[in-house]
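So you can see what is in the structure, the chains are spelled out below.
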Amino acid sequence: MNRRFEPARGLTGELRAPPDKSISHRAALLGAMASEPVRIERYLHAADTDSTLEAVRALGALVELRGEEVVVRGTGLREAREPDGPIDVGNAGTLLRLLPGWLAAQEGRSFTLDGDESIRRRPVDRIAEPLRLMGAQLSARNGRFAPLTVRGSHLRAISYDLSVASAQVKSCVLLAALAADGATTVSEPARSRDHTERMLLRAGVGIHRNGRRVTVVNADELLLDSVRIPGDASSAAFLITAGVLVPHSRLLIGDVGVNWTRTGFMRIVRRMQGIVLGDLEDETGELIGDEPVSDLDVAYGALEGTVVEADEVPLAIDELPLVALLGCFAEGETIVRGAQELRVKESDRIAGAVEGLRGLGAEIEATQDGFAVRGTGGLRGGTIDARGDHRMAMMGAIAGLASREGVEVVGMEAATVSYPQFVEDLAGLCS
Ligand code: S3P
């Protein structure tokens, strides 16, 4: 579906960010692994997180929808049922990477995961390697891609150094570690989102962090009771970008998750002199179970270019295309480095952002691990192809509101993967 976004005269009003996608996936998965029912408040109902509910149903969990609340009655840690056919993960990379961690521990049972065209281009060798070291058997197409088959085994604990700072791979190993013999340690090259660690702590698991190392002790069961999903900082980032770029804007975004491992983008916007007021969480040395939230107050203002380096990348990974968009409007240059992971997201987001924004009038160059933008005071407008990627579709829409001539987004329906109400929410703020 093509959709046009005309230049806006200012976005004003209040709204709540949609529930967090990453935390919703984890709540459904941990709910399925728990022995007692888990009540999930404000579960995200979107294509990706619907895939997770379907997947856990296929594995024997009971899922009850009660409006915004979802109740999951799990099978317990070691009792997932072998489904009749492949598990369809749809477009959900998080499901593709996290679920095998649980499945690897289902002794004597076999599971196949497959998904859409984009999912079949996302590497799974990064999870296959540590799971094999723990004792599971895995096979993937060309050794790297879905369909992925996992044969569960009795697992042993490992100490594992991640080669990429990926919360998905870290979480996969932590989930497998729950049913392994002993204590497993995962070390990450840079800090990535820690929602899994926080939720495991809440579920009574022995887990602790020491800098970039996380250690988890095996468990008999998970006791989670209830989880409340905060607003999604990555979805809020689109609204923040609109508020900062469109003159006369003033937005209040309620209930946004501000776990510091997710707020890299907000810190980058502030560094660019953008106005984003709210209580962002500070980094704490210890692991805490809570997911902090804050209301954010966003206003239009002049921006300056900035440089984003590798350490900051995992903390803003899904928002980096928006940094490129902000860079088009900022004074001077905006550079992102160390972000080669963007090439293996739902689409190649370096190519998508660079070619897409250039088509709207930007002065932007791709590098092997990021991009460099020269601010030219705005964007002309034109047409941008979402390439089947929800975040690229939403970036195109925001570019349109901030542009001089408007933008036509090809494939706007992709937004339903993480933010089904996106177009309606924007319309409400523009009226
Ligand atoms: C996610 C982690 C990130 C992110 C993805 C969601 C998660 O991926 O890009 O959208 O929920 O753990 P990586 O961990 O592979 O960087």
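Quantities reported herein were computed from a predicted structural model and do not represent experimental measurements. (Residues numbered from 1 in each chain as written. Predicted model: local features only at pLDDT ≥ 70, side-chain atom pairs only at ≥ 80, totals over all residues. Heavy atoms only, no water.)

Q: Outline the side chain of S234, supporting the account with residue identities and numerical values.
A: Mapped onto the secondary structure, S234 falls in helix α7 (residues 233–245). Look at S234 and you get buried, because its relative accessible area is 1%. Within the local environment of S234, its side chain forms a polar contact with the side chain of E319, the two groups lying 2.7 Å apart. The contact partners of S234, leaving out residues within four places of it in the chain, are R262, D318, E319 and R391. (Helix = DSSP H or I, 4+ residues; strand = E, 2+ residues; numbered from the N terminus. Buried < 20%, exposed > 50% of the residue type's maximum accessible area, 1.4 Å probe, protein only. Polar contact = N/O pair within 3.5 Å; in protein donor to acceptor, adjacent residues only side chain to side chain. Contact = heavy atoms within 4.5 Å.)

Q: Any details on the sheet that holds strand β3 (residues 38–41)? Residues and values, ideally.
A: Strand order in the open sheet formed by four strands is β4-β5-β3-β14, with mixed pairing between adjacent strands. Each of the sheet's edge strands pairs with one partner strand only, and the pair in question is β4 (62–66) and β14 (226–228). Averaged over all neighbouring strand pairs, the angle between strand axes comes to 15 degrees, with direction disregarded. Here β3 runs beside strand β5 (residues 69–73); their pairing, made up of four bridges, is antiparallel. Looking across to β5, one finds that V38 is bridged to V72. (Pairing = 2+ DSSP bridges. Axes fitted to C-alpha atoms, helices over the stretch in contact; angles between N-to-C directions.)

Q: Let's hear about empty space enclosed by the protein: which residues, and what values?
A: Inspection of the entire model under this criterion finds two cavities of 30 Å³ or more. A volume near 60 Å³ is recorded for the largest cavity. As for the largest cavity, its lining consists of R191, D194, R198, R209, W260, T284, G285, E286, L287 and I288. Taken domain by domain, the makeup of the lining of the largest cavity includes at least three residues from each of domain 1 (2–19 + 230–430) and domain 2 (21–228). Considered as a void within the structure, the second largest cavity measures approximately 40 Å³ in volume. (1 Å grid on protein atoms, 1.4 Å probe; cavity = no way out; pocket = protein on both sides within 12 Å on 5 of 7 lines; lining within 4 Å. Points joined across faces, edges and corners; volume = space filled by probe spheres on them. Domains from an automatic or database assignment.)

Q: I'd like a description of the site of the ligand, backed by residues and values.
A: Around the ligand, the surrounding shell consists of S22, R26, T94, S166, A167, Q168, R193, I317, D318 and K345. Within the backbone of Q168, an N or O atom sits 2.9 Å from an oxygen atom of the ligand. Between the ligand and the protein, one listed contact pairs an oxygen atom with a side-chain N or O atom of K345 at 2.7 Å. Protein contact buries 97% of the 380 Å² of open area that the ligand shows by itself. The site holding the ligand turns out to be the largest pocket. For the shell around the ligand, the secondary-structure elements that each account for two or more residues are α1 (21–33) and α5 (167–177). Among the residues forming the shell around the ligand, the class breakdown is two nonpolar, four polar and four charged. Taken domain by domain, the makeup of the shell around the ligand includes at least three residues from each of domain 1 (2–19 + 230–430) and domain 2 (21–228). (Near = heavy atom within 4 Å. Areas by Shrake-Rupley, 256 points an atom, 1.4 Å probe, with all protein chains shown as cover. Sits in = over half its atoms within 2 Å of the grid points. Nonpolar A, V, L, I, M, F, W, Y, C, P; charged D, E, K, R; others polar.)

Q: Go over the domain arrangement of the protein, please, and point to the residues and values.
A: By the assigned domains, the protein splits into domain 1 (2–19 + 230–430) and domain 2 (21–228). If you average the C-alpha positions of domain 1 and of domain 2, the two centres end up 28 Å apart. On the side of domain 2, 33 residues touch domain 1, which itself brings 36 residues to the contact. Roughly 3,000 Å² is buried in total at the junction of domain 1 and domain 2, and carbon and sulfur atoms are behind 48% of that figure. (Buried area = accessible area lost by both parts, 1.4 Å probe.)

Q: Describe the pattern of salt bridges, with residues and values.
A: Under the definition given, this model contains 39 salt bridges. For the salt bridge of R209 with E197, the shortest nitrogen-to-oxygen distance reads 3.1 Å. You can see R209 sitting in strand β12 (residues 207–210) and its partner E197 sitting in helix α6 (residues 195–202), a full 12 residues away along the chain. Via salt bridges that share partners, R122, R193, D318, E346, R349, D389 and R391 belong to a single interconnected network. (Salt bridge = Lys/Arg side-chain N within 4 Å of Asp/Glu carboxyl O.)

Q: Explain the layout of surface pockets to me, using residue names and the numbers behind them.
A: Its boundaries defined by the atoms lining it, the largest pocket holds a volume of some 580 Å³. Lining the largest pocket are 35 residues, with A165, S166, I317, E341 and K345 positioned closest to its centre. Listed by contribution, the elements that provide at least two residues to the lining of the largest pocket are α1, α3 (93–103) and α5. Tallied by class, residues from the lining of the largest pocket come to 11 nonpolar, nine polar and 15 charged.

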